[in-house]
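Observations on the model geometry
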Amino acid sequence: METKKVVLITGGAMGQGRAHAYQYAEHGFDVVLGDMQDPSSAEFQETIHQCEAKGARVLAMKCNITSTSEMEALFAKAWETYGRLDVVIANAGVINFGYTWELSDEQVEKVININLIGTWRTDKYAAKYMLKQGFGRIINISSTSGLYGTPKLATYCMSKWGILGLTKTLAKEVGSKGIIVNALCPTKVKTPMCETMEYVQFINELTGKNFQSVEEMYAGVPFLEVEDIASMVYWMGTSREAGKFNGREVALDLGTLQ
Ligand SMILES: NC(=O)c1ccc[n+]([C@@H]2O[C@H](COP(=O)([O-])OP(=O)(O)OC[C@H]3O[C@@H](n4cnc5c(N)ncnc54)[C@H](O)[C@@H]3O)[C@@H](O)[C@H]2O)c1
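Remember, it's a predicted structure, so these values are computed and weren't measured experimentally. Residue numbers here run from 1 along each chain, matching the order of that chain's written sequence. Residue-level local features of this predicted model are given only where pLDDT is at least 70; pairs of side-chain atoms are given and counted only at 80 or more, and the full residue set underlies all totals for whole chains, interfaces and linings. For the side-chain quantities, the full set of heavy atoms in the structure was used; hydrogens and water were omitted.

A word on the site of the ligand. Residues are labelled near a given molecule or strand when at least one of their non-hydrogen atoms is within 4 Å of it. Near the ligand there are 29 residues, and of these Asp35, Asn91, Tyr156, Val189 and Thr191 occur at the shortest range. What qualifies as a polar contact is a pair of N or O atoms within 3.5 Å, subject to a donor-acceptor requirement within protein and to the restriction that residues adjacent in sequence count only when both atoms come from side chains. Separating an oxygen atom of the ligand from a side-chain N or O atom of Gln37 is a distance of 3.3 Å. The protein chains shown are the only cover counted for residues, whose accessible areas, like all others here, come from Shrake-Rupley with a 1.4 Å probe. If the ligand stood free it would expose 820 Å²; the protein chains cover 95% of that surface. Those elements that provide at least two residues to the shell around the ligand are α1 (15-26) and α5 (154-174). Each residue is assigned to one of three groups, with Ala, Val, Leu, Ile, Met, Phe, Trp, Tyr, Cys and Pro labelled nonpolar, Asp, Glu, Lys and Arg labelled charged, and all others, Gly among them, labelled polar. Per-class residue counts for the shell around the ligand are 15 nonpolar, 11 polar and three charged. Counting from the N terminus, the helices are the DSSP runs of H or I reaching at least four residues and the strands are the DSSP runs of E reaching at least two.

Have a look at this one:
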């Protein structure tokens with residue numbers, strides 16, 4: 001079998017994960033996609049077909065990052081199929097809203113369990129397989145919410161700050177063994193995550209605006225396009241320059257951190 005480089009992406013069915021899949025497929029990678037959605041869903045099918053149209057072989061599996069057995073199966077199948085893992089993108093994540101004093105145990109546990117513990121689980125298996133081969137790059141998707149606090153976003157901020165602690169620790173553990181681990185911190189990105197009236201309401205409260213729809217919000221507040229994130233994640237996963245730093249967070253912040 002021809003040896004091509006391989007990228008594994010969690011939350012690869014839609015949104016940013018889909019854009020990463022397209023970017024790597026366009027550059028000759030084979031693609032492994034894990035998502036809580038079933039590969040037969042319309043969203044996932046679209047991603048799979050577009051990657052194949054770009055020349056990639058695609059391994060797509062239903063895989064919840066909160067499940068040890070499903071994650072073990074995803075990585076084992078990827079290894080069995082391709083025998084290498086060049087880049088792993090720990091991308092799957094969710095958001096919820098509420099003032100700190102209003103949050104329930106369930107709301108907090110949900111986001112920590114998916115965003116933080118799920119990213120740890122992704123990194124765990126990525127590191128195990130990359131240590132076998134002696135190379136690889138892991139990119140953890142944090143957020144600008146991993147760099148500052150935002151009202152009503154405690155669950156998300158806690159999880160995204162935690163991802164930076166994980167990134168820095170793992171980078172120290174595996175840096176001398178040929179493995180690079182960095183985090184990307186994007187500000188708001190146009191994806192399904194932001195395309196709910198609950199999200200629009202959150203932005204209205206944050207900015208004092210009165211957007212009535214996702215379209216109005218997109219027109220009135222700066223958002224990144226998924227392609228911006230995908231280009232940066234491709235650079236982080238493949239460039240010589242991005243192999244020269246380890247355990248770092250890169251912020252695509254549209255100037256919001258000034
Ligand atoms: N959209 C933004 O404004 C923004 C900004 C900064 C960071 N992020 C982060 O970027 C990452 C991707 O988000 P997005 O904007 O593409 O969101 P999205 O909701 O559009 O897509 C998320 C994908 O992850 C999958 N997913 C969710 N929970 C999962 C789980 N437990 N196991 C497996 N798959 C799961 C979903 O099915 C979906 O395919 C997330 O970590 C998010 O926190 C998003």
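The discussion continues.
Across a sheet, paired strands are connected by hydrogen bonds in the backbone, their directions being either parallel or antiparallel. Strand pairing requires that DSSP identify at least two bridges connecting the strands. Pairing within the open sheet is parallel, and its seven strands lie in the order β3-β2-β1-β4-β5-β6-β7. Both outer strands of the open sheet, β3 (58-62) and β7 (249-252), are each paired with one neighbouring strand and no more. Pairs of neighbouring strands in the sheet enclose a mean axial angle of 15°, with direction left out of account. Where strand β4 (residues 87-90) lies against strand β5 (residues 136-141), four bridges are found, and the strand directions are parallel. Among the inter-strand pairings, Val87 is bridged to a residue of β5, identified as Arg137. Its contacts with the sheet place helix α2 (residues 42-53) against β2 (30-35) and β3, and it is angled at close to 165° to β3. When checking whether two residues touch, look at their non-hydrogen atoms; a contact exists if any pair is within 4.5 Å. Only the contacting stretch of a helix is used when fitting its axis, a line to C-alpha atoms as for every element, and angles between N-to-C directions run 0 to 180 degrees. Here α5 sits on the sheet and contacts β5, β6 (179-186) and β7; the angle it forms with β6, its principal contact strand, is near 165°.

Moving on, we come to the side chain of Arg84. Summarising the element assignment, Arg84 is placed in the loop between α3 (68-82) and β4. Of note is the side chain of Arg84, whose polar atom sits 2.7 Å from the side chain of Asp86. In contact with Arg84, other than residues within four places in its own chain, are Thr3, Lys4, Lys5, Val6, Trp79, Gln133 and Phe135.

Their axes nearest at 9 Å, the elements helix α4 (residues 105-133) and α5 cross at an angle of 15°. Viewed along their axes, α4 and α5 adopt a mutual orientation that is roughly parallel. Both α4 and α5 take part in a crossing whose hand is right-handed. Contact with α4, carried on its side by Gln107, Val108, Val111, Ile112, Asn115, Leu116, Thr119, Trp120, Asp123, Ala127 and Leu131, involves Thr155, Tyr156, Met158, Ser159, Lys160, Gly162, Ile163, Leu166, Leu170 and Val174 of α5 and no other residues of that element. Its residues assigned to classes, the contact of α4 with α5 comprises 13 nonpolar, six polar and two charged. Throughout, the term roughly parallel applies to angles under 35 degrees, roughly antiparallel to angles over 145, roughly perpendicular to angles from 65 to 115, and oblique to all others. Definitions for this section: a left-handed crossing has its near helix turned counterclockwise from the far helix by less than a right angle. A right-handed crossing has that turn clockwise.

Before going further, it helps to examine the environment of Ser143. Within the secondary structure, Ser143 sits in the loop between β5 and α5. Only protein chains enter the calculation, and the probe is 1.4 Å; a residue is then buried if its accessible area is under 20% of its type maximum, exposed if over 50%, and partly exposed in between. A relative accessible area of 5% places Ser143 in the buried class. Not counting residues up to four positions away in its chain, the partners in contact with Ser143 are Tyr156, Lys160, Leu184, Cys185 and Pro186. Polar side-chain contacts of Ser143 include one of 2.8 Å to the backbone nitrogen of Ser145.

On to the packing of α3 against α4. Angle between the axes and distance between the axes are the two parameters that describe a pair of packed helices. At a minimum axis distance of 10 Å, the contact between α3 and α4 shows a crossing angle of 30°. The pairing of α3 with α4 is recorded here as roughly parallel in orientation. Read as a crossing pair, α3 and α4 show a hand that is right-handed. Contact residues: Thr68, Met71, Glu72, Phe75, Ala76 and Trp79 in α3; Gly118, Arg121, Thr122, Tyr125, Ala126, Tyr129, Lys132 and Gln133 in α4. The residue inventory of the contact of α3 with α4, partitioned by class, reads seven nonpolar, four polar and three charged.

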